[in-house]
Amino acid sequence: MNEITIQSPFDMHIHLRDTEMLKLVAPLTSHTFAGGVIMPNLVPPVETKEAVVAYKNRILEAINNDDFIPFMTLFFKPYTNEFLENVKDEIIAIKLYPAGITTNSEGGISVIDTVALAPTLNAMSNLNIPLCVHGETNGFVMDREKEFMSVYEALAVAFPKLKIIMEHITTKEAVDLVKKYDNLFATITLQHLIITLDDVVGGMLKPHLFCKPIAKRPEDRDALLEIALSGNSKIMFGSDSAPHPKHKKEACGCAAGVFTSPIALQVLVELFEKNDKLENLDNFISKNAIDIYGLKKSKKSIKLIKKDFVVPAQYEGFGEVVVPMYAGETISWSLKE
Ligand code: NCD
Ligand code: ZN
């Protein structure tokens, strides 16, 4: 196959940041995606209706007239039923971060207790607002996600009608767990389908591949790849594209996050084609998200052509510089302009 058309691609987990970085990176997502779930970990976090609406408007301004729906989220904290009822039409989900676990998550939840959080989670469940979760403990870095499985189970059991999205899963334990409970779903990033920890630290240190959760073992990567390629209805693409200024990545104390927006769609096509599973790409990148979140399919379609594309060494603009995954390397699919 030399050409492919992707209908209504959705990126169900992205960081678009704010101010100048937003202006640089938002068009790189809105160009190739029909919509995306926008993470709320700004400084300060997005936690009021006014902040959601204002941020959405800044995104719409940054993407100019691109046909792209920003699906907004709130930063999880205890909220009243009244507040949630009032904000629900503006958001697609609420994102829970364990306190301090990743970029700008200091205001997150220290102890994820199903009793203490029940008022908010029951209200979300009744109002049909999904809960997105960054599932890591503060244990040893390779075990953080695995250790969090008991928290996911406790949430899934205590709130059976609440849709719980296990964000950016990286382990075979998470792949097993998502299948076990009807109300658990998951997103998987591009990088976790491709790399292992070896690619990050096994040779020369690769700061641009460093993210949270960190890439794990080959058997984890293989389990993620298998479930994504199968088109399993509980699994959605969420790039977790997380741009940081180049000087904060190439630094002593490298910020966590891999920037994949400009190449995500092309590399997914490459990956599904290489594995002879192109027929399941629509599930992973569109249909499952539509079914899980109850979205409308977009009329937007993106044409790609099998032609080498040399990924830019960096993207620059508005005084910002950001380095994408595969910077300077050649990928085998290009956008058909
Ligand atoms: C994300 C960021 O930079 O905001 N970083 C990351 O490594 N993925 C936050 C997150 O999703 O954990
Ligand atoms: Zn993220």
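About the criteria used
Residues numbered from 1 in each chain as written. Chains lettered and ligands numbered in written order. Predicted model: local features only at pLDDT ≥ 70, side-chain atom pairs only at ≥ 80, totals over all residues. Heavy atoms only, no water. Helix = DSSP H or I, 4+ residues; strand = E, 2+ residues; numbered from the N terminus. Expected span 1.5 Å × (residues − 1). Bend = angle between axes of the 7 residues up to and from the residue. Buried < 20%, exposed > 50% of the residue type's maximum accessible area, 1.4 Å probe, protein only. Contact = heavy atoms within 4.5 Å. Salt bridge = Lys/Arg side-chain N within 4 Å of Asp/Glu carboxyl O. Near = heavy atom within 4 Å. Polar contact = N/O pair within 3.5 Å; in protein donor to acceptor, adjacent residues only side chain to side chain. Nonpolar A, V, L, I, M, F, W, Y, C, P; charged D, E, K, R; others polar. Donors = N, O, S within 2.8 Å, 3.2 Å for Na, K, Ca; no water. Tetrahedral: all angles 85-135°; square planar, octahedral: opposite > 155°, others 65-115°. Pairing = 2+ DSSP bridges. Axes fitted to C-alpha atoms, helices over the stretch in contact; angles between N-to-C directions.

*Asks:* Just checking my understanding: could you explain helix α5 (residues 144-158) for this structure?
*Replies:* Residue pairs three or four apart in sequence face the same way in an α-helix, which turns once every 3.6 residues. Between its first and last C-alpha, α5 extends 22 Å over 15 residues, near the 21 Å set by a 1.5 Å rise per residue. At Ser150, α5 is deflected by roughly 30°, the largest bend along its length. Turning to α5, its buried residues number three or more, namely Arg144, Glu145, Phe148, Met149, Val151, Tyr152, Leu155 and Ala156. Contacts from the buried residues of α5 go to α4 (118-127), β6 (131-133), β7 (164-166), α6 (172-180) and β8 (184-188).

*Asks:* What exactly am I supposed to notice about unusual backbone geometry here?
*Replies:* In terms of backbone geometry, most residues other than glycine have negative phi values and most peptide bonds are trans. Note the cis peptide between Val43 and Pro44, where omega equals -10°. The topology assignment puts Pro44 in the loop between β3 (35-38) and α2 (49-62). With omega at -10°, the peptide bond leading from Lys212 into Pro213 counts as cis. Structurally, Pro213 is set in the loop between α8 (197-202) and α9 (218-229). Phi at Asp276 is positive, roughly 60°, even though this residue is not glycine. Following the sequence through the fold, Asp276 ends up in the loop between α11 (264-274) and α12 (281-293). When its relative accessible area of 63% is taken as the criterion, Asp276 is described as exposed.

*Asks:* It is not clear to me how the pattern of salt bridges should be interpreted in this structure. Could you clarify?
*Replies:* Applying the stated criterion across every chain yields a total of twelve salt bridges. Put simply, Arg217 and Glu219 hold a salt bridge, and the shortest N to O gap is 3.1 Å. A relative accessible area of 37% means that Glu219 is categorised as partly exposed. Its salt-bridge partner being Lys306, residue Glu273 comes within 2.9 Å of it at the nearest N-O pair. One end of the pair, Glu273, is in helix α11; the other, Lys306, is in the loop between β10 (301-305) and β11 (309-310), and 33 residues separate them in sequence.

*Asks:* I would appreciate a short explanation of the environment of Phe159 in the present structure.
*Replies:* Mapped onto the fold, Phe159 is located in the loop between α5 and β7. Judged by its relative accessible area of 3%, Phe159 is buried. In the structure, Phe159 is positioned 24 residues away from Gly135 in sequence and 17 Å away in space, judged by C-alpha atoms. Excluding residues within four positions of it along the chain, Phe159 makes contact with Thr114, Ala118, Leu121, Asn122 and Asn183.

*Asks:* Would you explain the site of ligand 1 in this entry?
*Replies:* Every one of the 15 residues lining ligand 1 counts as a neighbour, but Arg17, Asn41, Thr102, Lys212 and Asp240 are closest to it. Measuring from an oxygen atom of ligand 1, one finds a side-chain N or O atom of Thr103 at 3.0 Å. Note that an oxygen atom of ligand 1 is positioned 2.8 Å from one of the backbone N or O atoms of Lys212. Residues of the shell around ligand 1, tallied by class, amount to three nonpolar, nine polar and three charged.

*Asks:* Help me understand the coordination of the zinc ion (ligand 2), please; the structure alone is not making it clear to me.
*Replies:* As a benchmark, a tetrahedral metal site with four donors has ideal angles of 109.5 degrees, while an octahedral site with six donors has ideal angles of 90 or 180 degrees. With distances of 2.0 Å, the protein atoms coordinating the zinc ion (ligand 2) are His13 (NE2), His15 (NE2) and Asp240 (OD). Because the angles between the four donor atoms bound to the zinc ion (ligand 2) fall within 92 to 139°, the donor set is best described as irregular. The sequence motif formed by the donor residues of the zinc ion (ligand 2) is H-x1-H-x224-D. A residue pair is termed long-range when its members are at least 10 positions apart, and His15 in the loop between β2 (10-14) and α1 (19-30) and Asp240 in the loop between β9 (235-237) and α10 (246-249) qualify at 225 residues. Taken as a pair, His15 and Asp240 share a single burial class, namely buried.

*Asks:* I tried to follow the sheet that holds β9 on my own but got confused; where do I start?
*Replies:* The pairing of strands in a sheet comes from backbone hydrogen bonds and takes either a parallel or an antiparallel form. One open sheet holds the eight strands; their spatial order is β2-β3-β4-β5-β6-β7-β8-β9, and the pairing between them is parallel. The sheet terminates laterally at β2 and β9, the two strands that pair on one side only. The sheet shows a mean angle of 25° between the axes of neighbouring strands, taken without regard to direction. Relative to β9, β8 runs parallel, the two being bridged by three bridges. Paired with Thr187 across the bridge in β9 is Met236. Taken strand by strand, α2 contacts β3 and β4 (69-75), and its axis lies near 150° from that of β4. Across the sheet, α12 is in contact with β2, β5 (93-96), β6, β7, β8 and β9; its angle to β9 comes to roughly 120°.

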